[in-house]
Amino acid sequence: MKKDLLSIYDLDPADFRVMFEKAAKLKKMMKAGKSCQPLKGKTLGMIFDKSSTRTRISFEVGMFQLGGIALFLSSRDTQIGRGESVQDSARIMSRYLNGIMIRTYAQESVEEFAKYATIPVINGLTDLLHPCQILSDLFTVLEKKGTYEGLKIAYIGDGNNVANSWINAAARLPIQLALACPEGYEPNSFIFERAVKASQGGVVLHRDPADAAARADVIYTDVWASMGQEAEHAKRTEVFKPYRVDRKLLACAKKDAMVMHCLPAHRGEEITAEVLDGPQSVVMDQAENRLHVQKAIMEILL
Ligand code: CP
Ligand code: NVA
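Definitions and limits used
- Residues numbered from 1 in each chain as written.
- Chains lettered and ligands numbered in written order.
- Predicted model: local features only at pLDDT ≥ 70, side-chain atom pairs only at ≥ 80, totals over all residues.
- Heavy atoms only, no water.
- Axes fitted to C-alpha atoms, helices over the stretch in contact; angles between N-to-C directions.
- Helix = DSSP H or I, 4+ residues; strand = E, 2+ residues; numbered from the N terminus.
- Parallel < 35°, antiparallel > 145°, perpendicular 65-115°, else oblique.
- Left-handed = near helix turned anticlockwise from the far one by under 90°.
- Contact = heavy atoms within 4.5 Å.
- Nonpolar A, V, L, I, M, F, W, Y, C, P; charged D, E, K, R; others polar.
- Expected span 1.5 Å × (residues − 1).
- Buried < 20%, exposed > 50% of the residue type's maximum accessible area, 1.4 Å probe, protein only.
- Arc of directions from axis to C-beta.
- Pairing = 2+ DSSP bridges.
- Near = heavy atom within 4 Å.
- Polar contact = N/O pair within 3.5 Å; in protein donor to acceptor, adjacent residues only side chain to side chain.
- Areas by Shrake-Rupley, 256 points an atom, 1.4 Å probe, with all protein chains shown as cover.

Student: When you look at the packing of helix α5 (residues 131–145) against helix α12 (residues 283–301) in this model, what are you seeing that I'm missing?
Tutor: Relative placement of two packed helices is described by the angle separating their axes and the distance separating the axes. The geometry of α5 relative to α12 is characterised by a closest axis approach of 8 Å and an angle of 110° between their N-to-C directions. Looking at the two axes, α5 sits roughly perpendicular to α12. Between α5 and α12 lies a crossing of right-handed hand. In this structure, α5 uses C132, Q133, L135, S136, D137, F139, T140, E143 and K144 to contact α12, whose residues at the interface are D285, Q286, N289, R290, V293, Q294 and I297. Looking at the contact of α5 with α12, its residues break down into five nonpolar, six polar and five charged.

Structure follows, in structure tokens:
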């Protein structure tokens, strides 16, 4: 039976282990200049309803390195943009492709696509979730800290897709997750409550960013206005000001805490340039790992 990656919540601890071992192996081989092409002759369709730099490039390059090809399918230029149904699109694309990656607005669209597709569907970001990002982030934590078990991850800012996927990870892995979000900008309540019940390390929502950051191993943030929320940018900038990751907030965390951001970042908004470009920041390695982890995801699913 085909397997999709729609949410981290669908994975069990063994899936994470297999994926990260594969990603580490693929990364090592790439760095050594050795080619590894288990997906020779395979094709991945990539449907984008929203912009992307990292996701598009890492999937496309990753597929090429694995021996296959990736097709960029802007919904504007396909019949999807002119109203062809998800049901028909999914069934037809399944006749041509070996896998499909989708970046869109509603999580339900990706789920509907997966329901009708007979090939694996990968969630490349929705308004609700961003699983590929958090899988790469966990791999980065594992690489840098040797483990994620028992580590405290502090997520500061908007309760958005990235926050929700971190919460899903905390429901599945023994990490401690502390979030700090302003009133009215909390993560999805269903995802949060479900994780509180399932979590081994604890999932807590604070108002004060200093409480979340206290003795944290990782300080993580993301934009205050996600794609599709551009009209709210000015209002959000006011509300979120106390949630900026700056030198003072970083001082609440452990001395060796690392700073993470899924990028793109807005220097001076959710994070100061000094912290983003500072010695504790791992954002470039974090972005690179999208390539290695997604190659592992594609090898496993396709
Ligand atoms: N982090 C991330 O998904 O980046 P892109 O929007 O550039 O793909
Ligand atoms: N929360 C951000 C993540 C971008 C990778 C957004 O959805 O725009």
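Student: Please clarify how helix α1 (residues 13–31) should be interpreted in this entry.
Tutor: An α-helical turn contains 3.6 residues, so a residue and the one three or four places further along point in the same direction. Its 19 residues place the ends of α1 27 Å apart at the C-alpha level, agreeing with the 27 Å of an ideal helix rising 1.5 Å per residue. Among all positions in α1, only F16, M19, F20, A23, L26 and K27 are buried. Buried residues of α1, seen end-on, are gathered within an arc of 130° and therefore sit on one face of the element. Residues of α1 that are exposed and point more than 90 degrees away from the buried face comprise R17, E21 and K28. On the buried face of α1, the contacting elements are α5, α6 (161–172) and α12. A positive backbone phi angle near 75° is found at G33, which sits one or two residues after α1.

Student: Help me out: how do you make sense of the sheet that holds strand β3 (residues 99–103) in this one?
Tutor: In any sheet, the strands associate via hydrogen bonds between backbone groups, in a parallel or an antiparallel arrangement. Spatially, β2-β1-β3-β4 is the arrangement adopted by the four strands of the open sheet, whose pairing is parallel. In this open sheet, the two strands that pair with only one neighbour each are β2 (69–74) and β4 (121–123). Neighbour-to-neighbour, the strand axes of this sheet turn through a mean angle of 20°, independent of strand direction. Set on the sheet, helix α2 (residues 54–65) makes contact with β1 (43–48), β2, β3 and β4; between it and β1 the angle comes to about 170°.

Student: Please clarify how the environment of L26 should be interpreted in this entry.
Tutor: Mapped onto the secondary structure, L26 falls in helix α1. For L26, a relative accessible area of 3% translates into the label buried. Along the chain, L26 and K295 lie 269 residues apart, while their C-alpha atoms are 7.6 Å from each other. Residue contacts for L26: discarding those within four places in its chain leaves C36, L66, H292, K295, A296 and E299.

Student: I tried to follow the site of ligand 2 on my own but got confused; where do I start?
Tutor: Around ligand 2, a shell composed of L125, H130, N160, N161, D222, V223, S226, M227 and L263 is seen. Within the side chain of S226, a nitrogen or oxygen atom sits 2.7 Å from a nitrogen atom of ligand 2. Relative to its unbound accessible surface of 260 Å², ligand 2 loses 95% to contact with the protein. Considered class by class, the residues forming the shell around ligand 2 number four nonpolar, four polar and one charged.

Student: Is there a simple way to explain the site of ligand 1 in this structure?
Tutor: Around ligand 1, the surrounding shell consists of S52, T53, R54, T55, R103, H130, Q133, C262, L263 and R290. In this structure, T53 approaches ligand 1 through a main-chain N or O atom, which is 2.7 Å from an oxygen atom. Within the side chain of T55, an N or O atom sits 2.7 Å from an oxygen atom of ligand 1. For ligand 1, whose unbound accessible area comes to 250 Å², protein coverage reaches 96%. Residues belonging to the shell around ligand 1 are distributed by class as follows: two nonpolar, five polar and three charged.

Student: Explain helix α4 (residues 107–116) here, please?
Tutor: Of the positions making up α4, those classed as buried are Q107, V110, F113 and A114. Down the axis of α4, the sector holding all buried residues measures 125°, keeping them to one side. Away from its buried face, by an angle of more than 90 degrees, α4 presents the exposed residues E108 and K115. Next to the buried residues of α4 lie β1, α3 (86–96), β3 and β4.

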